[in-house]
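Below are the chains, spelled out letter by letter.
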There are 2 protein chains.
Amino acid sequence: MKRTLLSLATVAALGLSAPLHAADALMERANTFFQPIPANPPALKDNAVTHDKVELGKMIFFEPRLSNNHMVSCNTCHNLGMGGDDNLEVSPGHGWTRGHRNAPTVFNSVFNVAQSWDGRSEDLKAQAKGLIRSGLRMYATPEVTVETLSSMPEYHAAFAKAFPGESNPLTFENLAKALEAFEASLITPASRFDQFLEGNAAALSEQEKTGLSLFMENGCASCHNGVNVGGQAYFSFGLAAKPGADILPPDDKGRYAVTETAVDNYVFRAPPLRNVELTAPYFHSGKVWSLEQAVDIMGRYQLGTELKDEEVKAIAAFLRTLTGEIPRIELPQLPVSTDATPKPTMR
Amino acid sequence: MKRTLLSLATVAALGLSAPLHAADALMERANTFFQPIPANPPALKDNAVTHDKVELGKMIFFEPRLSNNHMVSCNTCHNLGMGGDDNLEVSPGHGWTRGHRNAPTVFNSVFNVAQSWDGRSEDLKAQAKGLIRSGLRMYATPEVTVETLSSMPEYHAAFAKAFPGESNPLTFENLAKALEAFEASLITPASRFDQFLEGNAAALSEQEKTGLSLFMENGCASCHNGVNVGGQAYFSFGLAAKPGADILPPDDKGRYAVTETAVDNYVFRAPPLRNVELTAPYFHSGKVWSLEQAVDIMGRYQLGTELKDEEVKAIAAFLRTLTGEIPRIELPQLPVSTDATPKPTMR
């Protein structure tokens, strides 16, 4: 307490560094768990990012003709005007079918260890290729996807620019690379929490700081950490007690579907919490609409703690400081179909 | 022919006006049928257009929470990156239901005499209100729509800015006004045909000029005229002979559904042809994908003329000069749902 009696003028006059406030200790500790979102996207493995590749990826991201009914684009479920997801329990796909999991946000997804709730996609390229093929989503094949884009001269030109020197640039693999390059650009830096991590103690209110402290001390940050405040590793859902079947449906065994290993039963990737206030409803089942309720559930079933009402509110308030600057996107103009473009199915 | 032997220098020296080339005669005649798209949108009846109103209308245009499943926005069927429509035969709506008519483009729709294939909506406000209510489309009610937008403080603020001085600005009527203001901004000036109308004879190729001439002399321009090259009046489809049931389904009697007058059986608004190359498939049934085939069909069934192959090609080439400058749209960021926001139905 004594230290805080030094006026800032005295500190400046003595050439001392700023005194160690409680906020500084919190800031220091937070920096052991979390990292700010960098101003620029990270480098991608085997996929050099160029402006032309990002622009092509943006066209493809908004391209409903990737799906066999010409109605579902990446942006349908990962809406860039709605937090990078669709704000639905589970997403619709081909023929009004429903998947069984909530769509994760595309924003900052490049920082995740792998993609999808069970990590089945090692990177954004694999995620895109999987969803295009999925009978629940776009219900297309690599062949028809390439045939579709190949039918339009503008895509030929855009692939040639994005993949210079390649004799056959318009491939399914390059489509995935272009999408990855665009999606990697969808990062949301400069949240208030980032500003705090970078040294601005005033960026968080007292309640938010309390929430951050609770988030670290109660064990939330054991799973939700790193640059994405989650998305880094896999954990059993319901460590302390299993939530009800509505929240943790018994037939979705999570990562077990990927590894077929008993220890992976009901194991999921800890969801990244960046922009979490924009991405309700919550959990892989998408059954919980309130952030406060989600925090309460995690306390009960994951940590075995009944959080007090004001603790829940403080943690939720902290989580709302994770909302960053959303990238500004100009809607791309898509090329016109030609006689050679496969027709949509009307089922 | 003699006149063209005068050199331009001679013309200039003598102070003569430019000689009457064939192109000038064509230009003059074209100006009796058509008008260029103005650089700015026209004034709207009882709806002063302001920047704030347009910005609000843009948010609403991209707002999937207008629909009761939170999945269908105006942009779903009137995709601003795909010519202002969805490039599907008929559009999907609630629960994967299908309407029975092709979605008209929203671009330049403000210049149409009325909206929809049968003119059932007197203006863009009525069109929006009808589609929000439609069981085939958004399947919502005015009450739930207002309740939805009212649940988000950002919409309260945006309506208050767009409708200053009103004690209760967030109404269904004002929603429609904001949409109309935004949609009226979606005009596509400066097509090559507009440049030609405005005096640039070099804006069209010889083939395109031939097509324009055929379009006027064969009678196409009797119905497809004005600023939108159509969209001005109602005509019987199949004047010379009825097309097959695939193109003119017997159960869709067109404007009869609006007027319940026998003379309106199979009467439709002549579709506006601006940007027609971007809006396949064609006709109210959406069954024809090729612009050339559409021209051929109109020749046979509407004009009773079997157009020669090169005439069809020339007319189609002319129609492709109607593609204008598409407005650049930044994807709006939509507010976050609150606890008071009605939940989507998951049917």
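Residues numbered from 1 in each chain as written. Chains lettered and ligands numbered in written order. Predicted model: local features only at pLDDT ≥ 70, side-chain atom pairs only at ≥ 80, totals over all residues. Heavy atoms only, no water.

Draft legend 1. Geometry of the overall build of chain A. When you go through chain A residue by residue, the secondary structure sums to 14 helices and two strands. Taken against the 2.2 N^0.38 rule, which gives 20 Å for 347 residues, the C-alpha radius of gyration of chain A at 22 Å falls within 12% of a compact globule. Projected onto the principal axes, the alpha-carbon positions of chain A cover approximately 80 × 50 × 30 Å. The 347 residues of chain A split such that 56% are buried. Taking all contacts inside chain A whose residues are at least 6 apart in sequence as the whole, residues at least 24 apart take part in 71%. Carbon together with sulfur atoms contributes 55% to the accessible area of chain A, which is approximately 14,700 Å² in total. Computed over 31 positive and 39 negative side-chain charges, the separation of the two mean positions in chain A equals 1 Å. (Helix = DSSP H or I, 4+ residues; strand = E, 2+ residues; numbered from the N terminus. Rg over C-alpha atoms; globule rule 2.2 N^0.38 Å. Buried < 20%, exposed > 50% of the residue type's maximum accessible area, 1.4 Å probe, protein only. Contact = heavy atoms within 4.5 Å. Areas by Shrake-Rupley, 256 points an atom, 1.4 Å probe, with all protein chains shown as cover. Lys, Arg positive; Asp, Glu negative; His and termini not counted. Charge placed at Lys NZ, Arg CZ, Asp CG, Glu CD.)

Draft legend 2. Seen up close, the interface of chain B and chain A. On the chain A side, the residues contacting the 40 residues of chain B number 40 residues. Buried surface at the junction of chain B and chain A, summed over both partners, amounts to about 3,400 Å²; 66% is from carbon and sulfur atoms. With a closest N to O distance of 3.0 Å, Glu330(A) and Arg328(B) form a salt bridge. Joining chain B to chain A, the criterion identifies eight residue pairs in polar contact (both at pLDDT 80 or more). For the side of chain B that touches chain A, the per-class residue count stands at 20 nonpolar, 10 polar and 10 charged. (Buried area = accessible area lost by both parts, 1.4 Å probe. Salt bridge = Lys/Arg side-chain N within 4 Å of Asp/Glu carboxyl O. Polar contact = N/O pair within 3.5 Å; in protein donor to acceptor, adjacent residues only side chain to side chain. Nonpolar A, V, L, I, M, F, W, Y, C, P; charged D, E, K, R; others polar.)

Draft legend 3. View of unusual backbone geometry. Put simply, Ala280(A) and Pro281(A) share a cis peptide bond, and its omega is 0°. With respect to the secondary-structure elements, Pro281(A) resides in the loop between β2 (267-269) and α13 (291-303). A positive phi angle, close to 70°, is found at Ala190(A), a residue other than glycine. Mapped onto the secondary structure, Ala190(A) falls in the loop between α8 (172-184) and α9 (192-197). What makes Ala190(A) partly exposed here is its relative accessible area of 33%. Positive phi outside glycine occurs at His70(B), with the angle close to 60°. Mapped onto the elements of the fold, His70(B) is located in the loop between α3 (51-61) and α4 (74-77).

Draft legend 4. Just helix α8 (residues 172-184) of chain B, in detail. Residues and elements named next belong to chain B. With 13 residues, α8 ought to run about 18 Å at 1.5 Å a step, and its terminal C-alpha atoms sit 18 Å apart, in line with that. Extensive coverage of α8 is indicated by the burial of 12 of its 13 residues. Turning to α8, its buried residues are Phe172, Asn174, Leu175, Ala176, Lys177, Ala178, Leu179, Glu180, Ala181, Phe182, Glu183 and Ala184. The inward-facing, buried residues of α8 contact α3, α4, α5 (124-133), α6 (142-150) and α7 (153-162). (Expected span 1.5 Å × (residues − 1).)

Draft legend 5. Broad picture of the relation of the copies chain B and chain A. Each copy of the sequence occupies a distinct position, and chain B is placed on chain A by a rotation of 180° and an axial shift of 0.0 Å, giving an RMSD of 0.0 Å. In short, the pair behaves as if placed about a two-fold rotation axis. Closest to the rotation axis within chain B is the C-alpha of Glu330(B), separated from it by 2.1 Å. Most of the interface of chain B is mirrored in chain A: 100% of its interface residues are interface residues there too. (Least-squares fit on C-alpha atoms with pLDDT ≥ 70 in both.)

Draft legend 6. Representation of the environment of Val54(B). Along the chain, the position of Val54(B) falls in helix α3. With 125 residues separating them along the chain, Val54(B) and Leu179(B) place their C-alpha atoms 7.4 Å apart.

Draft legend 7. Spatial organisation of the pattern of salt bridges. Residues and elements named next belong to chain A. Enumeration according to the criterion identifies 41 salt bridges over all chains in this entry. For the salt bridge of Lys58 with Glu55, the shortest nitrogen-to-oxygen distance reads 3.9 Å. Taken together, the residues span about one helical turn, with Lys58 and Glu55 both in helix α3 (residues 51-61) at a distance of three residues. A residue is classified by how much of its surface remains accessible, and Glu55, at 32% relative accessible area, is partly exposed. Asp118 is the salt-bridge partner of Arg120, the closest N and O atoms lying 2.8 Å from each other. Judged by its relative accessible area of 0%, Asp118 falls in the buried class. Three or more residues are tied together by salt bridges with common partners; here these are Arg101, Asp118, Arg120 and Asp252.

Draft legend 8. Layout of the packing of aromatic side chains. Scanning all chains against the criterion turns up 18 aromatic pairs over all chains. Taking the centre distance of 5.1 Å and the plane angle of 80° together, the rings of Phe193(A) and Phe318(A) count as edge-to-face. With Phe193(A) in helix α9 and Phe318(A) in helix α14 (residues 309-319), the pair connects residues that are 125 residues apart, well separated along the chain. Accessibility classification places Phe193(A) together with Phe318(A) in one group, the buried group. Ring geometry for Phe159(B) versus Phe163(B): centroids 6.2 Å apart, planes at 25°, classification stacked. (Phe/Tyr/Trp six-rings, centres within 6.5 Å; stacked < 30°, edge-to-face > 60°.)

Draft legend 9. Main features of the packing of helix α10 (residues 206-217) of chain B against helix α14 (residues 309-319) of chain B. Residues and elements named next belong to chain B. Contact pair α10 / α14: the axes reach a minimum separation of 7 Å and the direction vectors enclose 100°. With respect to their mutual orientation, α10 and α14 come out roughly perpendicular. Here α10 contributes Gln207, Glu208, Thr210, Gly211, Leu212, Leu214 and Phe215 to the contact with α14, which in turn contributes Glu311, Lys313, Ala314, Ile315, Ala317, Phe318 and Leu319. (Axes fitted to C-alpha atoms, helices over the stretch in contact; angles between N-to-C directions. Parallel < 35°, antiparallel > 145°, perpendicular 65-115°, else oblique.)

Draft legend 10. Looking closely at the environment of Gly57(A). All names here are of chain A. As for its position among the elements, Gly57 is in helix α3. Owing to a relative accessible area of 0%, Gly57 belongs among the buried residues under this scheme. Separated by 120 residues in the primary sequence, Gly57 and Lys177 have C-alpha atoms spaced 7.9 Å apart.

Draft legend 11. Molecular detail of the state of the cysteines. Residues and elements named next belong to chain A. Within this structure, the stated rule accounts for zero disulfides over all chains. Not part of a disulfide, Cys74 finds its nearest cysteine sulfur in Cys77, a span of 9.0 Å. Taking the relative accessible area as the measure of exposure, Cys74 reaches 13% and is therefore buried. (Disulfide = S-S within 2.5 Å.)

Draft legend 12. Expanded view of the nonpolar core. Of all hydrophobic cores here, the largest spans 76 residues; its most connected members are Leu80(A), Tyr155(A), Leu80(B) and Tyr155(B). Sorting the residues of this core by element identifies α3, α5 (124-133), α7 (153-162) and α8 of chain A together with α3, α5, α7 and α8 of chain B as the ones contributing at least two each. The contacts of Tyr155(A), once residues within four sequence positions are left out, are Leu56(A), Met59(A), Ile60(A), Glu63(A), Leu149(A), Leu170(A), Leu334(A) and Pro335(A). (Core = buried A, V, L, I, M, F, W, Y, C linked by side-chain atoms within 4.5 Å.)

Draft legend 13. The environment of Glu147(B), seen in detail. Residue and element names in this part refer to chain B. Take Glu147: it is sitting in helix α6. For Glu147, a relative accessible area of 43% gives the class partly exposed. Separated by 195 residues in sequence, Glu147 and Pro342 place their C-alpha atoms 7.5 Å apart. Once residues within four sequence positions are removed from consideration, Glu147 is found in contact with Ala340 and Pro342.

Draft legend 14. A look at the side chain of Arg269(B). Residue and element names in this part refer to chain B. If you trace the backbone, Arg269 turns up in strand β2 (residues 267-269). The buried charged residue Arg269 lacks any salt bridge, with Asp118 as its nearest oppositely charged partner at 8.2 Å. Side-chain polar atoms of Arg269 contact the backbone oxygen of Ala114, separated by 2.6 Å. Not counting the four nearest positions on each side in its chain, Arg269 is found in contact with Pro104, Asn112, Ala114, Gln115, Ser116, Trp117, Gly231, Ala233 and Tyr234.

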